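# Secondary and tertiary structure notes
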Amino acid sequence: MLRFRWADAADIPAIALLMDRAISVLQQDFLSPEEIVASRSVMGLDTQLIADGTYLLAERDGRLAACGGWSARATLYGGDHSHGLRDAAMLDPAIAPARIRAMYVDPDFARQGLGRAILERCEAAAREAGFAAAEMMATLAGEPLYRACGYTPIESIRSAPVHGVQVPLIRMGKPL
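Not measured: the values here are computed from a predicted model.

Next up on the list: the packing of aromatic side chains. Counted under the stated rule, the structure contains two aromatic pairs. Here the aromatic rings of Trp-70 and Phe-131 are separated by 6.1 Å at their centres, their planes lie at 70°, and the arrangement is edge-to-face. Placement of the pair is Trp-70 in strand S3 (residues 63-71) and Phe-131 in the loop between helix H4 (114-128) and strand S5 (133-138), with a sequence separation of 61 residues. Like Trp-70, the residue Phe-131 is buried in the burial classification. Plain terms: the ring middles of Tyr-146 and Tyr-151 are 6.3 Å apart, the flat faces sit at 70° to each other, and that makes the pair edge-to-face. The burial state of Tyr-146 is the same as that of Tyr-151; both residues are buried. Positioned over the ring face of Phe-4 is Arg-121, at 3.7 Å from the centre of the ring.

Below you can see the structure in the form of structure tokens.
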């Protein structure tokens, strides 16, 4: 049975484990081992999403299978540890796009529609909050899903170097 619910602080350990598995496994076809290690510095859990009530979980048969969120804050990507990437300023929905954030699927549940289901629910919540568009910073592993869901590339970037290694990322957007 599939169930969706908004995360709370008690979910943080399970979310962190799912993210670790997803980063380790699902990026192998897209990033070098060094880039996967470096990506941990620019990816991860932003507990502000949980505090804001905008981080969604998908559970299948009682097991956390996928997670992802949206935000009305300026931070585009990064976890609690990504201090240089964070900006807690609230966005004006009349002029700024909502942020789609921290989308992860457990490798055991990959390619079963869970990422798309979470994304659709987050987009609907952002629309209800008055946003007319959404943006994200996509990984190379996530780009095919986001393109299939109507997102288009805005720019390709490389993260700040982590021990000399930069991670390729793609800023993408979509009207809601």
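Next up on the list: the environment of Asp-108. Within the element layout of this structure, Asp-108 appears in the loop between strand S4 (98-105) and H4. If we ignore the near neighbours within four places in the chain, the residues touching Asp-108 are Arg-21 and Arg-63. A distance of 2.7 Å separates polar atoms of two side chains, one belonging to Asp-108 and the other to Arg-63.

With phi around 50°, Asp-61 is a residue other than glycine that occupies positive phi space. On the basis of relative accessible area, Asp-61 is assigned to the exposed category, the value being 61%. Positioned with a positive phi, Ala-102 is a non-glycine residue whose angle comes to about 50°. Within the secondary structure, Ala-102 is located in strand S4. For Ala-102, a relative accessible area of 16% corresponds to the buried category.

This brings us to the pattern of salt bridges. Taken as a whole, this structure holds 16 salt bridges when the rule is applied. Between Asp-20 and Arg-40 there is a salt bridge, with the nearest N and O atoms lying 2.5 Å from each other. Within this pair, whereas Asp-20 is found in helix H1 (residues 12-26), its partner Arg-40 is found in the loop between helix H2 (33-39) and helix H3 (47-51), the two being separated by 20 residues in sequence. Residue Arg-21 is joined to Asp-106 by a salt bridge in which the shortest nitrogen-to-oxygen separation is 2.9 Å. You can see Arg-21 sitting in helix H1 and its partner Asp-106 sitting in the loop between S4 and H4, a full 85 residues away along the chain. Given a relative accessible area of 32%, Arg-21 falls into the partly exposed group. Residues joined by salt bridges that share partners form a network here, namely Arg-3, Arg-5, Asp-11 and Glu-59.

Quick notes on the rules
- Residues numbered from 1 in each chain as written.
- Predicted model: local features only at pLDDT ≥ 70, side-chain atom pairs only at ≥ 80, totals over all residues.
- Heavy atoms only, no water.
- Phe/Tyr/Trp six-rings, centres within 6.5 Å; stacked < 30°, edge-to-face > 60°.
- Helix = DSSP H or I, 4+ residues; strand = E, 2+ residues; numbered from the N terminus.
- Buried < 20%, exposed > 50% of the residue type's maximum accessible area, 1.4 Å probe, protein only.
- Lys NZ or Arg CZ within 6 Å of the ring centre and 35° of its normal.
- Contact = heavy atoms within 4.5 Å.
- Polar contact = N/O pair within 3.5 Å; in protein donor to acceptor, adjacent residues only side chain to side chain.
- Salt bridge = Lys/Arg side-chain N within 4 Å of Asp/Glu carboxyl O.

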